[in-house]
Amino acid sequence: MNPSMTKKLLLTLLAWGIALIVFFPIFWMVLTGFKTEVQAIAPPTLVFEPTLAGYHEVMARADYLKFALNSIVISFGSTLLALIVAIPAAYSMAFLPTKRTRGTLLWMLSTKMLPPVGVLMPVYLLFRDMGLLDSQLGLTLVYMLMNLPIVVWMLYTFFKDIPKDILEAGRMDGAGTLQEVLYLLLPLTLPGIASTGLLSVILSWNEAFWSLNLTTSDAAPLTAFIASFSSPEGLFWAKLSAASTLAIAPILIFGWMTQKQMVRGLTFGAVK
């Protein structure tokens, strides 16, 4: 076997090893969801009689569809708002930069390093006074602001790849700023915008801190649905695993269906 084939084989084995390490906890969680509580706390084994008792108890205890609908509305709503705000912001930074542009981008990125608990109290008090506690609108706004720095940064990098000659040609043909964005910039950067939106949806779907602190029942998403199966009596691993599987199943299916678009956008950008 020549050195190149050996290297390729080793890299393949390494990739499979990393994939198994990453996905084994998910596999074990799904497996545990089909066990009884006694089997779940017993010594680990792959041989057992599967049961749907955990799923039946989860569905009987909580309105899964209500939590799932909240997650869908909040995740996609926050992503749409983030894109509406980020597209003009990234456009101005990419094509109309000033001496403060770089500092603004770095400041936006630095906000992601701030622990959310550091601003929990002021956000909670603002939401209480504005009547946004336990509301889809309130959580949508928080998630939009949470993901906005990442969305702006990603769109900025995609927009920077667009040759300015294309936009200048549009201006020479009489296109205004709005026409330039709608008919030139957006079609050229559609893969990048799609991958950015998909990433924002995933981040919003998985967010737990704000949902647990700003909602109780009406607007609670699936992250709160999972947390509701933790009780003072202890953790019931079979029911908790079943609830977690139900919570991650939609986003896993969504991610699997859109993986080509995400990889294409993140890897190749908008224009080669």
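Reading the values: the criteria
- Residues numbered from 1 in each chain as written.
- Predicted model: local features only at pLDDT ≥ 70, side-chain atom pairs only at ≥ 80, totals over all residues.
- Heavy atoms only, no water.
- UniProt positions renumbered as here; feature names shortened; annotations may be inferred.
- Helix = DSSP H or I, 4+ residues; strand = E, 2+ residues; numbered from the N terminus.
- Expected span 1.5 Å × (residues − 1).
- Bend = angle between axes of the 7 residues up to and from the residue.
- Buried < 20%, exposed > 50% of the residue type's maximum accessible area, 1.4 Å probe, protein only.
- Contact = heavy atoms within 4.5 Å.
- Phe/Tyr/Trp six-rings, centres within 6.5 Å; stacked < 30°, edge-to-face > 60°.
- Lys NZ or Arg CZ within 6 Å of the ring centre and 35° of its normal.
- Salt bridge = Lys/Arg side-chain N within 4 Å of Asp/Glu carboxyl O.
- Lys, Arg positive; Asp, Glu negative; His and termini not counted.
- Polar contact = N/O pair within 3.5 Å; in protein donor to acceptor, adjacent residues only side chain to side chain.
- Core = buried A, V, L, I, M, F, W, Y, C linked by side-chain atoms within 4.5 Å.
- Axes fitted to C-alpha atoms, helices over the stretch in contact; angles between N-to-C directions.
- Parallel < 35°, antiparallel > 145°, perpendicular 65-115°, else oblique.
- Nonpolar A, V, L, I, M, F, W, Y, C, P; charged D, E, K, R; others polar.
- Left-handed = near helix turned anticlockwise from the far one by under 90°.

- An unreviewed UniProt entry lists the protein under the name Carbohydrate ABC transporter permease, from Modicisalibacter zincidurans.
- If you open the UniProt record of the protein and go to Sequence similarities (unreviewed entry), you find "Belongs to the binding-protein-dependent transport system permease family. MalFG subfamily."
- Recorded in UniProt under Subcellular location (unreviewed entry), the annotation for the protein is "Cell membrane".

### Side note on helix H1 (residues 3-32)
Here is step 1 of the chain: Helix length check: H1, at 30 residues, gives a terminal C-alpha distance of 43 Å against a target of 44 Å (1.5 Å per residue), a fit within 8%.
Here is step 2 of the chain: The largest bend in H1 is about 40°, located at phenylalanine 23, with the proline proline 25 one to four residues further on.
Here is step 3 of the chain: Every buried residue of H1 is accounted for by Met29, Leu31 and Thr32.
Here is step 4 of the chain: Taken together, the buried residues of H1 touch helix H2 (37-41) and helix H13 (237-257).

### Description of the UniProt feature "transmembrane region" (unreviewed entry) in the protein
Here is step 1 of the chain: Here, the residues flagged by UniProt with the feature "transmembrane region" (unreviewed entry) are residues 64-93, 105-127, 139-159, 180-205 and 236-257.
Here is step 2 of the chain: Annotated as residues 180-205, this span is 96% helix and 0% strand, and its ends, taken at the C-alpha atoms, are 33 Å apart.
Here is step 3 of the chain: Helix makes up 95% of residues 236-257 and strand 0%, with an end-to-end C-alpha separation of 32 Å.

### Points about the packing of aromatic side chains
Here is step 1 of the chain: Summed over all chains, the structure comprises nine aromatic pairs.
Here is step 2 of the chain: The interplanar angle of 50° and the centroid separation of 5.3 Å between the aromatic rings of phenylalanine 67 and phenylalanine 225 together place this pair among those described as tilted. Residue phenylalanine 67 is located in helix H4 (residues 64-95), and its partner phenylalanine 225 is located in helix H12 (residues 222-227); the two are separated by 158 residues in the primary sequence. Considered together, phenylalanine 67 and phenylalanine 225 belong to a single accessibility category, that of buried residues.
Here is step 3 of the chain: Through successive ring pairs, a cluster of aromatic residues spans Phe24, Phe27 and Trp28.
Here is step 4 of the chain: Its guanidinium or amino end placed over the ring of phenylalanine 48, lysine 35 lies 5.1 Å from that ring's centre, counting from NZ or CZ.

### Observations regarding the pattern of salt bridges
Here is step 1 of the chain: Evaluation of the coordinates by the stated rule reveals three salt bridges.
Here is step 2 of the chain: Across the pair glutamate 57 and lysine 239 runs a salt bridge whose closest N-O atoms are separated by 3.4 Å. Remark: lysine 239 occurs in helix H13 and glutamate 57 occurs in helix H3 (residues 53-61); sequence separation between them is 182 residues.
Here is step 3 of the chain: For lysine 239, a relative accessible area of 14% puts it in the buried group.

### Side note on the side chain of glutamate 207
Here is step 1 of the chain: Relative to the elements of secondary structure, glutamate 207 occurs in the loop between helix H10 (190-206) and helix H11 (209-214).
Here is step 2 of the chain: An unpaired buried charge is present at glutamate 207: no salt bridge exists, and lysine 112, the closest side chain of opposite charge, is 6.9 Å distant.
Here is step 3 of the chain: Separated by 3.1 Å, the side chain of glutamate 207 and the backbone nitrogen of phenylalanine 209 make a polar contact.
Here is step 4 of the chain: With sequence-adjacent residues up to four places away left out, glutamate 207 is seen in contact with Tyr143, Met146 and Thr223.

### Looking at the nonpolar core
Here is step 1 of the chain: Phe95, Val152, Leu155 and Phe159 are the most contacted members of the largest nonpolar core, which has 23 residues in total.
Here is step 2 of the chain: At the level of secondary structure, the elements contributing two or more residues to this core comprise H4, helix H5 (101-110), helix H7 (136-160) and helix H9 (177-188).
Here is step 3 of the chain: Every residue in contact with valine 152, bar those within four places of it in the chain, is listed here: Ala86, Ala90, Met93, Leu105 and Met108.

### Observations regarding the packing of H4 against H9
Any two packed helices are characterised by the angle at which their axes cross and by the distance between the axes.
Here is step 1 of the chain: Packing of H4 against H9 brings their axes to within 12 Å, and their N-to-C directions diverge by 95°. Taken together, the axis directions place H4 and H9 in an arrangement best described as roughly perpendicular. For the pair formed by H4 and H9, the contact residues are Ile87, Tyr91 and Phe95 on the first element and Thr177, Glu180, Val181, Leu185 and Leu186 on the second.
Here is step 2 of the chain: Looking at the contact of H4 with H9 residue by residue, the classes come out as six nonpolar, one polar and one charged.

### Describing the packing of H1 against H13
Here is step 1 of the chain: Two elements in contact, H1 and H13, have axes whose closest approach is 7 Å; the angle formed by their N-to-C orientations is 120°. Here H1 is positioned oblique relative to H13, judged by the angle of their axes. Note that H1 runs across H13; the crossing there is left-handed. Each of Ile26, Met29, Val30 and Thr32 in H1 lies in contact with H13, whose residues at this interface are Trp237, Ala238, Ser241, Ser244, Thr245 and Ile248.
Here is step 2 of the chain: Residues that form the contact of H1 with H13 fall into these classes: six nonpolar, four polar and no charged.

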